[in-house]
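Listed below, chain by chain, are the residues.
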Amino acid sequence: MNRVYNNILRLSVLTMFTMTGCKKILDEKPRAIFTPDYFKTQAGVVGGITSCYGHMRYMYGNGYFLNSNEISTDEATWGQNSDGNVKNLDFSGVGTIDPASSNTGILWGAAFPNINTASGVIENGAAVGVSDALIAEARFFRAFDYFLLVQTFGGVPLDLGAGELKFNTSTVRTSKRNTVPEVYTKAVFPDLLTAIDKLPTSGRVVGGVTQTVARLFLAKAYLTYGWWLQNPNGIPTYPDAQRTDPAGHNAAWYFQAAYDTATAAIQSPGPFGLQPTFYDVSVATNDRNNETLLYADHTQSSSIYNGGDLSYSGGGFSTDSFAAWFEQWNYTNIKSSTSATAWAAVSSVQRAAVQSLGRPWTMLAPPQAIFKNTFADKTNDSRYDGTFVTRYRTNFVEAAVKVNGATPAFLYNANFLPVAENDPVLSFLNTDVGGVDYSNAKFNSTVGAGVLPGRADYVIEPSAFSRICYPGTWKLGPYRTDNNGGLGSPNGSLTRPFPVAKFSELFFIAAEAAVKGATTKAVSGTYANDGTARGLINVIRARAGKWRFDNGNNVTKIEDNSAAMIAATPGTIDINYILAERTREYFGEGYRWFDLVRTQKWTELSSSFQIAGATNPNDWKDHTVSTVSRTITPAYYLRPIPQSQLDGMDMSAADKKAYQNPGY
């Protein structure tokens, strides 16, 4: 065992919070230290379970963990403010992935201490009178972490120093990696099967794990392992292992198991289900809704219990929630004029703790194909509007902007036309329309935007979207109830729960398994469909056609385009179509790298992209589009073992080299 794993004995007990009052929350008794003896008490075991929920904050909501699962995919490249923490993972010639500094160790450092905590709960729970259902929560989280690890690094250790899947308290500093089949068949599958059997259909607390979330992860693990066994593109694994299953099953068996497990959860959802519209899934006022099966929770009530400072957060490798900052550009550079006849610049959109704004870091930027191809249908499909901020609106009243000592009624913008509070000052257009004047000779846009006749808002066409200026991500943005009519605290750690798993993904898992050859059957119940890949996907697409609010225009919009969405679904569904639908549903939430690695489509779909700013990514006015190439080798389908892990082991240099994944 190595010193990384020993951290469990010093792990603070973080807890899960909820702002709702309909059910009790986890008991909060923060401790500075977990000791082995503490695990032999009921309070220690229950505290260990609470810690399992808390450890998700080290990953979900952490911007660098999000980055490692988005950068270098077709969803994201580096943004204008990126440093090596981001660029090194893009494979586009601006950096080199480094086991010491590329942040792929965030998962490693968070997962293994929690795995040991979960093992402590599992070993001691029954003896101190904890119920099987509570112990099943620990089994879920041990499987959850091992599933993340095996997807990211390949085979990983099951023995942390006391034997495979045993609670460890020793200080042994050696380690041996198990193979991918061993991790799945010894850890992931058995723990999830037990969790399904023992967990309740409704969580014991708000946000508590349930039978449904365990089914989702088991189905996804079956699906992922099926792909691994099949290995259509010959991607290497490590440690070396035959692509055979210890139980004697083939890839087809696992695809069928994934389909059957996912459809069973769809037909018996318990208290979970799809929200009526895509907007409802992500609007902050509806957080912790029944579509979100698992989340890393945060709270506005206390910085300690939030896991991050409520006033100012520096991000970093902690429990702070700041992922939403990564794909928000610096809209505060938008300027308007206090005069209708001569340009007198004033900031018309300032940072605010509201869902459409927040803190802009400009660390990730979406390639143009996201806007032109993936989200091509912006009329029927509500998911573009429910994902991006396409209009930035004035907030000069909230910002207490004064002109001659008084709050102005208007500012003046493009064409010297007036804009009142909450009017659009900059719009990202849905399509290239032509005729946009980007010269900035008269109206002085400070963000490289253009002007159209008769419009008070500046405009930018998709072909001008760059690394410095692009639609921000709306669905993960901040939400506070203490702004008190002002801008609030946009620089504070986010206080919203970060989504980890959603009920909607069950439909995608089943559809993907069907495409991979699983025998389908009609699905009954609330979400009845014919059970084919097309039938399953159309449940999601039908919901995407339903609108209740238009973010871009900031108005209520009651519209049902379900029929048009279903009619537009291809007659034959393939993997690329499912992957495109997954982006439309989960853009920017940290799914993409896992999706592309699982299906071995990463190289095909992400090796090149287009983006503006070809000459100078720091120049707002540079709308020159370039095609950027990435070099994605088969070795990159596994992330490097973090250097801190290697440094902490008391092993020979040769053994450490053999421990590291090839190519690093």
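Residues numbered from 1 in each chain as written. Predicted model: local features only at pLDDT ≥ 70, side-chain atom pairs only at ≥ 80, totals over all residues. Heavy atoms only, no water.

1. A closer look at the sheet that holds strand 10 (residues 424-428)
Part 1: Judged by pairing direction, the sheet is mixed, and its three strands sit side by side in the order 7-10-11 without closing on themselves. Here the strands that pair on one side only, and so sit at the sheet edges, are strand 7 (391-393) and strand 11 (458-460). Sheet twist, expressed as the mean angle between neighbouring strand axes with direction ignored, is 15°.
Part 2: Pairing geometry for strand 7 and strand 10, over three bridges, is antiparallel. Considered in strand 10, the bridge of arginine 393 is made with proline 424. (Pairing = 2+ DSSP bridges. Helix = DSSP H or I, 4+ residues; strand = E, 2+ residues; numbered from the N terminus. Axes fitted to C-alpha atoms, helices over the stretch in contact; angles between N-to-C directions.)

2. Some remarks on the packing of helix 1 (residues 42-54) against helix 4 (residues 105-124)
Axis angle and axis distance: for two packed helices, these are the angle between their axes and the distance between the axes, and together they describe the pair.
Part 1: At a minimum axis separation of 9 Å, helix 1 and helix 4 run at an interaxial angle of 145°. Remark: the crossing between helix 1 and helix 4 carries left-handed chirality. Between helix 1, through Val45, Gly48, Ile49, Ser51 and Cys52, and helix 4, the contact on the second element is made entirely by Asn114, Thr117, Ala118, Val121 and Asn124.
Part 2: Partitioned by chemical class, the residues of the contact of helix 1 with helix 4 number five nonpolar, five polar and no charged. (Left-handed = near helix turned anticlockwise from the far one by under 90°. Contact = heavy atoms within 4.5 Å. Nonpolar A, V, L, I, M, F, W, Y, C, P; charged D, E, K, R; others polar.)

3. Re the packing of aromatic side chains
Part 1: Within this structure, the stated rule accounts for 62 aromatic pairs.
Part 2: Aromatic side chains tyrosine 60 and phenylalanine 65 sit 5.4 Å apart centroid to centroid with 75° between the ring planes, which places their arrangement in the edge-to-face category. Grouping residues by exposure puts tyrosine 60 and phenylalanine 65 together as buried.
Part 3: Feature note: the residues Trp329, Tyr331, Phe371, Phe375, Tyr384, Phe388, Tyr392, Phe428, Phe465, Phe587 and Trp620 constitute an aromatic cluster, connected by ring pairs.
Part 4: A cation sits over an aromatic face here: arginine 243 above tryptophan 228, 4.4 Å from the ring centre.
Part 5: The positively charged end of arginine 584 is found above the aromatic ring belonging to tyrosine 577, 5.7 Å away from the centroid. (Phe/Tyr/Trp six-rings, centres within 6.5 Å; stacked < 30°, edge-to-face > 60°. Buried < 20%, exposed > 50% of the residue type's maximum accessible area, 1.4 Å probe, protein only. Lys NZ or Arg CZ within 6 Å of the ring centre and 35° of its normal.)

4. Re helix 13 (residues 533-544)
Part 1: Between its first and last C-alpha, helix 13 extends 17 Å over 12 residues, near the 16 Å set by a 1.5 Å rise per residue.
Part 2: Here helix 13 lies mainly inside the structure; 11 of its 12 residues are buried.
Part 3: Taken as a whole, helix 13 has its buried residues at Ala533, Gly535, Leu536, Ile537, Asn538, Val539, Ile540, Arg541, Ala542, Arg543 and Ala544. (Expected span 1.5 Å × (residues − 1).)

5. Considering the nonpolar core
Part 1: The biggest cluster of nonpolar side chains holds 138 residues, and the ones touching the most others in it are Tyr60, Phe140, Phe144, Tyr146, Leu149, Phe217 and Leu294.
Part 2: Broken down by element, the residue count for this core peaks at 14 residues, all from helix 5 (residues 132-153).
Part 3: Beyond its immediate sequence surroundings of up to four residues, tyrosine 146 is in contact with Phe112, Ile115, Val156, Pro157, Leu158, Leu160, Leu165, Val183, Ala187 and Val188. (Core = buried A, V, L, I, M, F, W, Y, C linked by side-chain atoms within 4.5 Å.)

6. Brief notes about the confidence of the model for the protein chain
Part 1: Confidence in the prediction for the protein chain averages 93 pLDDT; 95% of positions are at 70 or higher.
Part 2: The secondary structure element of the protein chain with the lowest average pLDDT is helix 10 (residues 303-306), at 91, and the one with the highest is helix 12 (residues 505-515), at 99.
Part 3: In this model, residues 1-23 is a region of pLDDT below 50 whose contacts with residues beyond four sequence positions or in other chains number 96 contacts. (pLDDT = per-residue confidence, 0-100.)

7. Some words on the layout of surface pockets
Part 1: The calculated volume of the largest pocket comes to roughly 580 Å³.
Part 2: If you go around the largest pocket, you meet 28 residues; those closest to its centre are Val354, Gln355, Ser356, Trp474 and Asn554.
Part 3: Elements that contribute at least two residues to the lining of the largest pocket include exactly strand 6 (388-389) and strand 7.
Part 4: The greatest single-element share of the lining of the largest pocket, amounting to three residues, is contributed by strand 7.
Part 5: Residues belonging to the lining of the largest pocket are distributed by class as follows: 14 nonpolar, 10 polar and four charged. (1 Å grid on protein atoms, 1.4 Å probe; cavity = no way out; pocket = protein on both sides within 12 Å on 5 of 7 lines; lining within 4 Å. Points joined across faces, edges and corners; volume = space filled by probe spheres on them.)

8. Some remarks on the packing of helix 8 (residues 251-267) against helix 12
Part 1: Contact pair helix 8 / helix 12: the axes reach a minimum separation of 8 Å and the direction vectors enclose 150°. Taken together, the axis directions place helix 8 and helix 12 in an arrangement best described as roughly antiparallel. In the crossing of helix 8 with helix 12, the sense of the turn from one axis to the other is left-handed. Here Phe255, Ala258, Tyr259, Ala262, Thr263, Ala265 and Ile266 of helix 8 come into contact with helix 12, specifically with Leu506, Phe507, Ile509, Ala510, Ala513 and Ala514.
Part 2: For the contact of helix 8 with helix 12, the class distribution of residues is 12 nonpolar, one polar and no charged. (Parallel < 35°, antiparallel > 145°, perpendicular 65-115°, else oblique.)

9. Focus on the environment of serine 170
Part 1: Of note, serine 170 is situated in the loop between helix 5 and helix 6 (180-198).
Part 2: Considering only alpha carbons, one finds serine 170 and methionine 363, 193 residues apart in sequence, at a separation of 41 Å.

10. Looking at the pattern of salt bridges
Part 1: Within this structure, the stated rule accounts for 29 salt bridges.
Part 2: Note that aspartate 381 is salt-bridged to arginine 383, the shortest N-O span being 2.8 Å. The residues aspartate 381 and arginine 383 share a single accessibility class, namely buried.
Part 3: With a closest N to O distance of 3.0 Å, lysine 502 and glutamate 589 form a salt bridge. Of this pair, lysine 502 sits in strand 13 (residues 498-502) while glutamate 589 sits in the loop between helix 15 (575-586) and helix 16 (592-598), placing them 87 residues apart in sequence. One exposure class covers both lysine 502 and glutamate 589, and it is buried.
Part 4: Among the charged side chains, a salt-bridge network with shared partners connects Glu291, Asp381, Arg383, Arg541, Arg543, Glu581, Arg584 and Glu585. (Salt bridge = Lys/Arg side-chain N within 4 Å of Asp/Glu carboxyl O.)

11. What about the environment of threonine 431?
Part 1: With respect to the element layout, threonine 431 can be found in the loop between strand 10 and strand 11.
Part 2: Each C-alpha atom, one on threonine 431 and one on lysine 378, is 9.5 Å from the other, the two residues being 53 residues apart in sequence.
Part 3: Not counting the four nearest positions on each side in its chain, threonine 431 is found in contact with Glu461 and Pro462.

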